[in-house]
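# Working through the structure, step by step
Residue strings, one per chain:
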Amino acid sequence: MPRTNAVVAEIVSRGPFAVLGYSADDSVWCPACLRSAAGLSPGRPDTSGKPIVPLFARDATMREEVCENCERSLHELLAAAHGAPQPKPVIAQVRVYAKRTALSFDRVPPIEVRTELKAIGWRWDARFRVWWSAEPTPRIPSSVVLPSAPLRPRPKPPTIRRRSAPAT
């Protein structure tokens, strides 16, 4: 619990309006359950016509609140969400064929990367298993990492052959 308090205190110090959960339909909901179980969203009224009220982490009285659907502490959910590891960058190779740029991945990229690729104009080619872009300088999503150019081996020095002395 002390670790949770420290994480939430850090979150509150950076943003005074960090939301723990919501109050709707005379119940307390975590953000995930509000959408999935209740089918509500923060900008709209609840089923009785009342506004959905956010519960802020800065309010000390809200630290003991528990989601009535999943029965987890809102305080601990906020700390767990903040402490989640950053997504691993996706590595891709860029190749140029004719006037088109191809982007190939060593594994299937996450849905967020695929969605961003589609949004910025890349198209999937199932036959060649690459993403194509016909733009002169295509944009690459920020979560995609391109490896630096491989080091080329140093060329071998030329072999010098000496003529042998003429036979007499």
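As shown above, the structure is provided for reference.
Residues numbered from 1 in each chain as written. Predicted model: local features only at pLDDT ≥ 70, side-chain atom pairs only at ≥ 80, totals over all residues. Heavy atoms only, no water.

## Let's talk about the nonpolar core
Among the nonpolar cores identified, the biggest contains 22 residues, and Leu34, Ala57 and Leu74 are the most heavily contacted of them. For this core, the secondary structure elements donating two or more residues are helix H1 (2-14), strand E1 (19-24), strand E2 (27-29), helix H2 (31-36) and helix H3 (74-82). Residue contributions to this core peak at four residues, all from H1. In contact with Leu74, not counting residues within four places along its chain, are Leu20, Gly21, Val28, Trp29, Cys30, Leu55, Glu65 and Cys67. Residues Ala92, Leu103, Val113 and Trp131 belong to the second largest nonpolar core, which totals ten residues. (Core = buried A, V, L, I, M, F, W, Y, C linked by side-chain atoms within 4.5 Å. Buried < 20%, exposed > 50% of the residue type's maximum accessible area, 1.4 Å probe, protein only. Helix = DSSP H or I, 4+ residues; strand = E, 2+ residues; numbered from the N terminus. Contact = heavy atoms within 4.5 Å.)

## What to know about the environment of Pro51
The topology assignment puts Pro51 in the loop between H2 and strand E3 (53-56). Expressed as a C-alpha distance, the spacing of Pro51 and Ser23, which sit 28 residues apart in the sequence, is 8.8 Å. Setting aside residues up to four positions removed in sequence, Pro51 forms contacts with Ser23 and Pro45.

## A word on the packing of aromatic side chains
Under the definition given, this model contains two aromatic pairs. Each ring, one from Tyr97 and one from Trp132, has its centre 5.7 Å from the other, and the planes form 65 degrees; the classification is edge-to-face. With Tyr97 in strand E4 (residues 90-97) and Trp132 in strand E7 (residues 130-133), the pair connects residues that are 35 residues apart, well separated along the chain. With a relative accessible area of 45%, Tyr97 lands in the partly exposed category. (Phe/Tyr/Trp six-rings, centres within 6.5 Å; stacked < 30°, edge-to-face > 60°.)

## Digging into the sheet that holds E2
One open sheet accounts for three strands, arranged E2-E1-E3; its pairing is antiparallel. The strands lining the two open edges of the sheet, one partner per strand, are E2 and E3. On average, adjacent strands in this sheet sit at an angle of 35 degrees to one another, irrespective of strand direction. Pairing between E1 and E2: three bridges, direction antiparallel. (Pairing = 2+ DSSP bridges. Axes fitted to C-alpha atoms, helices over the stretch in contact; angles between N-to-C directions.)

## Observations regarding the state of the cysteines
As used here, a disulfide is simply a covalent bond connecting the sulfur atoms of two cysteines. One pass over the structure, following the stated rule, counts zero disulfides. Between Cys30, a free cysteine, and Cys33, which holds the nearest cysteine sulfur, the sulfur-to-sulfur gap is 3.4 Å. A residue is classified by how much of its surface remains accessible, and Cys33, at 7% relative accessible area, is buried. (Disulfide = S-S within 2.5 Å.)

## With respect to the pattern of salt bridges
Applying the stated criterion across every chain, the model contains one salt bridge. The residue Lys50 makes a salt bridge to Asp26 at a minimum N-O spacing of 3.9 Å. With Lys50 in the loop between H2 and E3 and Asp26 in the loop between E1 and E2, this residue pair connects regions lying 24 residues apart in the sequence. For Asp26, a relative accessible area of 69% puts it in the exposed group. (Salt bridge = Lys/Arg side-chain N within 4 Å of Asp/Glu carboxyl O.)

## A word on H3
Along H3, the residues classified as buried are Leu74, His75, Leu78 and Ala79. Each buried residue of H3 sits inside an arc of 140 degrees when the element is viewed along its axis, so together they form one side. Seen from the buried face of H3, the exposed residues on the opposite side, beyond 90 degrees, are Ala80 and Ala81. (Arc of directions from axis to C-beta.)

## Quick notes on the side chain of Thr101
Position of Thr101 relative to the elements: it lies in strand E5 (residues 100-105). We classify Thr101 as buried; its relative accessible area is 10%. The residues contacting Thr101, other than those within four sequence positions of it, are Val94, Arg95, Val96, Trp122, Trp131, Trp132, Ser133, Glu135 and Pro138.

## With respect to the sheet that holds E4
Pairing within the open sheet is mixed, and its five strands lie in the order E6-E7-E5-E4-E8. This sheet does not close on itself; its edge strands, each paired only once, are strand E6 (123-125) and strand E8 (144-145). In this sheet, E7 lies alongside E6 in antiparallel orientation, the contact comprising three bridges. Bridging from a neighbouring strand, Arg123 pairs with Trp132 of E7.

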